[in-house]
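Structural features, examined
Each chain, letter by letter, is given below.
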Amino acid sequence: PIVQKIYQIVGSVLGCSSIVDLFSLGLSDALTKDLRKKQEIVIEELIKSNSITEKDIDDLDFLVEFSRLLEAVKRTRGNTKIKCMTDIFKGTVCNGKKEYDLYEEYLQRIFDMSEREIDILFIMNYCEEREAENTYKDDTREARLERIWHEEKVMIKNQINIDESTLRSIISGMQRTGFC
């Protein structure tokens, strides 16, 4: 029943009475498939994580925020960004948290970020988590930060293929989000 209600919400966000009506809107098959794939990523992630309850489905505020997520996903091209938006939804709206203002703020920030910025953010987070597992005798904060920054630069250069000055510029711009 939860999946059925979710698909009803998807239809209402797109202005159709049911998900089947989506195909009668005259959208090209490619756009329809792409949109459906994006929605399925969100729905599968929410169902897999058991994030949505029957109580959530009956909550109007929850439904409004879920619709907001689907609208943002509809206008997003990358799966990484979609997964990030879904994680934010799970962390702020689902499981009784109901932090709607925080969710709206984070969703807008993620929506405004490029795929490359999100990839850099994930690499930076990975490096910081990995460094947190390491402990060094007589380690200073500066030494730790220098190791993290070096590892981040190397990984980003290898995975995203950008130079240090471009990276610094991107990170400077990302600081507006509060995620960096």
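Read on for a plain summary of the structure. Note that the coordinates shown come from a computational prediction; the quantities given were computed from them, not determined experimentally.

1. Description of the overall build of the protein
- A tally of helices and strands in the protein yields nine helices and zero strands.
- Reading the helices (α) and strands (β) of the protein from amino to carboxyl end gives α-α-α-α-α-α-α-α-α.
- Considering the protein as a whole, with its 180 residues, one finds that 37% of them fall into the buried category.
- With an accessible surface of roughly 10600 Å², the protein has 49% of that area assigned to carbon and sulfur atoms.

2. Concerning the side chain of Glu152
- Position of Glu152 among the secondary structure elements: in helix H8 (residues 141–160).
- The charged side chain of Glu152 is buried without a salt bridge, its nearest counter-charge being Arg144 at 8.9 Å.
- Beyond its immediate stretch of four places on either side in the chain, Glu152 contacts Ile123, Met124, Cys127 and Glu128.

3. A short note on helix H9 (residues 164–174)
- Those residues of H9 lying buried are Leu167, Ile170, Ile171 and Met174. Buried positions in H9, seen along its axis, are confined to an arc of 100° and lie on one side of it.
- The inward-facing, buried residues of H9 abut helix H7 (115–133) and H8.

4. Remarks on the environment of Lys157
- For Lys157, the position within the fold is in helix H8.
- Lys157 sits 10 residues away from Leu167 along the chain, and the two C-alpha atoms are 8.8 Å apart.

5. Quick word on the packing of H7 against H8
- Running from N to C, H7 and H8 cross one another at 140°; their axes reach a closest spacing of 9 Å. The angle between H7 and H8 places the two elements in the oblique class. Between H7 and H8 lies a crossing of right-handed hand. Residues Arg116, Asp119, Ile120, Ile123, Met124, Tyr126, Cys127, Glu128, Arg130 and Glu131 of H7 pack against Arg144, Arg147, Ile148, Glu151, Glu152, Met155, Ile156, Gln159 and Ile160 of H8.
- A per-class count over the contact of H7 with H8 returns nine nonpolar, one polar and nine charged.

6. Topic: the packing of aromatic side chains
- Scanning the model with the defined rule gives four aromatic pairs in all.
- Taking the centre distance of 6.5 Å and the plane angle of 5° together, the rings of Phe62 and Phe66 count as stacked. Placement of the pair is Phe62 and Phe66 together in helix H4 (residues 60–74), with a separation of four residues, close to one helical turn. You'll find Phe62 and Phe66 in the same group, each marked buried.
- On the numbers, 5.4 Å between centres and 75° between planes, the contact of Phe89 with Tyr103 is edge-to-face. Taken together, the positions of Phe89 in helix H5 (residues 79–92) and Tyr103 in helix H6 (residues 100–112) put the pair 14 residues apart, joining distant regions of the chain.
- The side chain of Lys81 reaches across the aromatic face of Phe111, ending 5.5 Å from its centre.

7. Notes on the packing of H7 against H9
- It is at 11 Å that the axes of H7 and H9 come closest, and there the two elements cross at 95°. Taken together, H7 and H9 sit at an angle that is classed as roughly perpendicular. Contact residues: Arg116, Glu117, Ile120, Leu121 and Met124 in H7; Leu167, Ile170, Ile171 and Met174 in H9.
- Its residues assigned to classes, the contact of H7 with H9 shows seven nonpolar, no polar and two charged.

8. A look at the pattern of salt bridges
- Scanning the model with the defined rule gives 15 salt bridges in all.
- Across the salt bridge formed by Arg68 and Glu65, the nearest N and O atoms sit 3.0 Å from each other. Within this pair, Arg68 and its partner Glu65 are both found in helix H4, separated by three residues, close to a single helical turn.
- Taking relative accessible area as the criterion, Glu65 reaches 4% and is therefore assigned buried.
- A single salt-bridge network, built from bridges that share partners, covers Glu45, Lys48, Asp87 and Lys90.

Procedures and definitions
Residues numbered from 1 in each chain as written. Predicted model: local features only at pLDDT ≥ 70, side-chain atom pairs only at ≥ 80, totals over all residues. Heavy atoms only, no water. Helix = DSSP H or I, 4+ residues; strand = E, 2+ residues; numbered from the N terminus. Buried < 20%, exposed > 50% of the residue type's maximum accessible area, 1.4 Å probe, protein only. Areas by Shrake-Rupley, 256 points an atom, 1.4 Å probe, with all protein chains shown as cover. Lys, Arg positive; Asp, Glu negative; His and termini not counted. Salt bridge = Lys/Arg side-chain N within 4 Å of Asp/Glu carboxyl O. Contact = heavy atoms within 4.5 Å. Arc of directions from axis to C-beta. Axes fitted to C-alpha atoms, helices over the stretch in contact; angles between N-to-C directions. Parallel < 35°, antiparallel > 145°, perpendicular 65-115°, else oblique. Left-handed = near helix turned anticlockwise from the far one by under 90°. Nonpolar A, V, L, I, M, F, W, Y, C, P; charged D, E, K, R; others polar. Phe/Tyr/Trp six-rings, centres within 6.5 Å; stacked < 30°, edge-to-face > 60°. Lys NZ or Arg CZ within 6 Å of the ring centre and 35° of its normal.

Just geometry here; none of it tells us what the structure is for.
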